[in-house]
Amino acid sequence: MLCLNIILRRQWAEHERLAYPIAQLPFQLLSQTQTLFSRRIVWIGFAISTAICLLNGLSFLIPSLPLIPVKRLGGWRGFGHIFTDKPWNAIGRISISFYPFVIGLGFLMPVDLLFSSWFFFLFYKAELVVSNALGLSKIPGFPYVNRQCFGAVLGLFLSLALLGWRHFKSIVQRIQLNDQSDESKLYRLALTGLVVGFASLCLFSVRIGMSLWLVPLFFCLYFVVVVVLTRMRAELGFPAHAMEHIQIDQLLIESFGTRGLGKSNLVAITLYRWFIRSFTSHPMPHQLEGLKIVQPDTRRHLYPALIGISAVASVAVFWVMLHLYYRHGALNFGGSGWGMQFGARVFNGLQRWLSLLSPADPLPLVGVVAGFGFSLALMWMRTRFLWFPLHPVGFMISSDWGMAYLWTCMLVCWMVKLTVLKVFGLKAMRELRYLAFGLILGDFVAGGIWSLISIITQKQMYNFWP
């Protein structure tokens, strides 16, 4: 992942000049601290989000106090269950939220991507309702929205490869010419790391029982997904990207069937579920944002630091989890059974695969093809018409659980940014950017205070997210 980021960084950060919304506040804190805190509008945003978080925290402790509703109005399930008549009962989970820090991040996102995010969420819900109205929802899985999103990932990856073709070609040429500059040496090291790392993954996978033909296919799909995920963070900055609807294992099973994959492959895929089930805290976007934040002269020190901390953290986190599980019991650790439920969900799935062998199912692949073509069409329109507002990134995350909670935040930010831009101009947009910094900083500072109180008192306190 680090080698891929080394190759992608210049194309995305310097040639395409992506927004990197999540990295903007840390960059301001590191390099322009005095300018940031000298602006009154930053403190206005800080006061707004801090007041909301502190008041809601007090309301959590003292229920008689008023609560400012900013979190998941409608709860985890949202309002979808209140629609009981056809075809609206197919609408699924939909909620309303106004998280201050998400609204702050939204103010840092490009207007077209804000529009695409909430538009495609409603587009996804419309697909469900229309399919139900036409009776097509009786076909299991139809309209295959998750597979459409997977196809969109593949299409977006191909578009990124074509957009960055000159950059990638120049890297290969510099290496072939044996250029001895520091940058060329870094690229040479990155390509070597890619080859050695991929070979190591293949060897490890074969040793745990995965077939040699499946190994490159599995990891190529995985790295396509994580590259597109990293691009989404760099361009859109969407804060919730579990992407649990992008299921590599399910796509392989639908393509080849459990019979075609065989027992050893199914077991190997199950052992890899820990890093393909969810992409919530994926390291690759964080690495790239770190490379964006630091100055060029200190970037070279960041590469060994990232490798070193990854090695230490990988061992430390396993030790910490085992220690806590043995000390407090894994069954109800943290006041819930999630620690056991996730493991049970994975291996119960393996049990079903092994006991109910099934052939390949080509129908969901139609959704993959449709999403792939739709994504390429959107990218083609964006390269031909500057005014075209739709981006495949919004379509790609439309059925992810994060959109069910945050689509209203994206809608509010889009309306505000568009109004400010049209009515007040670019100068007001710069002020809005500093208001965003205040909203984000205040929410995390106040939320951190409640977390610290929770650690000290060993009692549950208010969580500002999710």
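Structure first, text after, so check above.
Residues numbered from 1 in each chain as written. Predicted model: local features only at pLDDT ≥ 70, side-chain atom pairs only at ≥ 80, totals over all residues. Heavy atoms only, no water.

**Quick look at the overall build of the protein**
If you tally the helices and strands in the protein, you get 20 helices and zero strands. Relative to the compact-globule value of 23 Å for 466 residues, the protein shows a C-alpha radius of gyration of 23 Å, a close match. Across its three principal directions, the C-alpha atoms of the protein cover 65 × 60 × 55 Å. Scored against the burial criterion, the 466 residues of the protein give a buried share of 44%. Side chains of the protein give 39 positive and 18 negative charges; the mean places of these two sets differ by 3 Å. (Helix = DSSP H or I, 4+ residues; strand = E, 2+ residues; numbered from the N terminus. Rg over C-alpha atoms; globule rule 2.2 N^0.38 Å. Buried < 20%, exposed > 50% of the residue type's maximum accessible area, 1.4 Å probe, protein only. Lys, Arg positive; Asp, Glu negative; His and termini not counted. Charge placed at Lys NZ, Arg CZ, Asp CG, Glu CD.)

**Section: the packing of helix α9 (residues 182–207) against helix α10 (residues 214–235)**
Between α9 and α10, the least distance of the axes is 10 Å, while the angle of their chain directions is 130°. In terms of orientation, α9 and α10 fall into the oblique class. Of the two elements, α9 crosses α10, and the hand of that crossing is right-handed. On α10, the residues that touch F198, L201, C202, S205 and V206 of α9 are V215, P216, F219, C220 and F223. Its residues assigned to classes, the contact of α9 with α10 comprises nine nonpolar, one polar and no charged. (Axes fitted to C-alpha atoms, helices over the stretch in contact; angles between N-to-C directions. Parallel < 35°, antiparallel > 145°, perpendicular 65-115°, else oblique. Left-handed = near helix turned anticlockwise from the far one by under 90°. Contact = heavy atoms within 4.5 Å. Nonpolar A, V, L, I, M, F, W, Y, C, P; charged D, E, K, R; others polar.)

**A word on the nonpolar core**
Residues F218, I248 and M396 are the most contacted members of the largest nonpolar core, which totals 110 residues. Counting residues per element, this core draws most heavily on α10, which supplies 15 residues. The contact partners of M396, leaving out residues within four places of it in the chain, are C149, A152, V153, L156, V228, M232, M243 and H245. Within the second largest apolar cluster, 10 residues are counted, among which are L2, I171, Y187 and L306. (Core = buried A, V, L, I, M, F, W, Y, C linked by side-chain atoms within 4.5 Å.)

**Structural notes on the pattern of salt bridges**
Counted under the stated rule, the structure contains 12 salt bridges. Note that R39 and E431 form a salt bridge whose closest N and O atoms lie 2.9 Å from each other. You can see R39 sitting in the loop between α3 (33–37) and α4 (40–61) and its partner E431 sitting in helix α20 (residues 426–457), a full 392 residues away along the chain. Looking at R39, the relative accessible area reads 29%, which means it is partly exposed. Linking R382 and D112 is a salt bridge whose minimum nitrogen-to-oxygen distance equals 2.7 Å. Placement of R382 in helix α17 (residues 363–384) and of D112 in helix α6 (residues 111–133) is noted, with a sequence separation of 270 residues between them. The exposure class of R382 is partly exposed, given its relative accessible area of 22%. (Salt bridge = Lys/Arg side-chain N within 4 Å of Asp/Glu carboxyl O.)

**With respect to α9**
With 26 residues, α9 should cover 38 Å at 1.5 Å per step; its first-to-last C-alpha distance of 37 Å lies within 8% of that length. Inspection of α9 places S184, Y187, A190, C202 and S205 among the buried residues, and these make up the whole buried set. Those residues of α9 that are buried are in contact with α1 (2–15), α8 (165–176) and α10. Two residues or fewer past α9, G209 is found with a positive phi of approximately 115°. (Expected span 1.5 Å × (residues − 1).)

**What to know about the packing of aromatic side chains**
Each aromatic ring pair is summarised here by two numbers: the centre-to-centre distance and the angle between the ring planes. Evaluation of the coordinates by the stated rule reveals 39 aromatic pairs. Clustering of aromatic rings is evident, with ring pairs tying together F198, F218, F219, Y222, F223, Y272, W274, F275 and F279. Directly above the ring of W12 sits R231, whose terminal nitrogen or CZ lies 5.3 Å from the centroid. Residue placement shows R277 over the ring face of F342; its charged tip is 4.3 Å from the ring centre. (Phe/Tyr/Trp six-rings, centres within 6.5 Å; stacked < 30°, edge-to-face > 60°. Lys NZ or Arg CZ within 6 Å of the ring centre and 35° of its normal.)

**A look at the side chain of S398**
Within the secondary structure, S398 sits in the loop between α18 (392–396) and α19 (401–423). Among all residues touching S398, those that are not within four sequence positions of it are F120, F121, Y124, C149 and M403.

**Topic: a nonpolar patch on the surface**
On the surface, V130, L134, L136, I139, L363 and V366 cluster together into a nonpolar patch covering about 510 Å² of accessible area. On the secondary structure map, V130 appears in helix α6. Exposure remark for V130: the relative accessible area of 45% places this residue in the partly exposed category. (Patch = residues over 30% accessible without salt bridge, like charges linked within 9 Å, V, L, I, M, F, W, Y side chains within 5 Å. Areas by Shrake-Rupley, 256 points an atom, 1.4 Å probe, with all protein chains shown as cover.)

**Regarding α4**
With 22 residues, α4 extends 32 Å from end C-alpha to end C-alpha; this agrees with the ideal 32 Å at 1.5 Å per step. Three or more residues of α4 are buried, namely I41, V42, G45, S49, T50, I52, C53, N56, G57 and S59. The elements touched by buried residues of α4 are α3, α5 (100–107) and α20.

**What about the environment of G442?**
Tracing the sequence through the fold places G442 in helix α20. Separated by 351 residues in sequence, G442 and I91 have C-alpha atoms that sit 35 Å apart.

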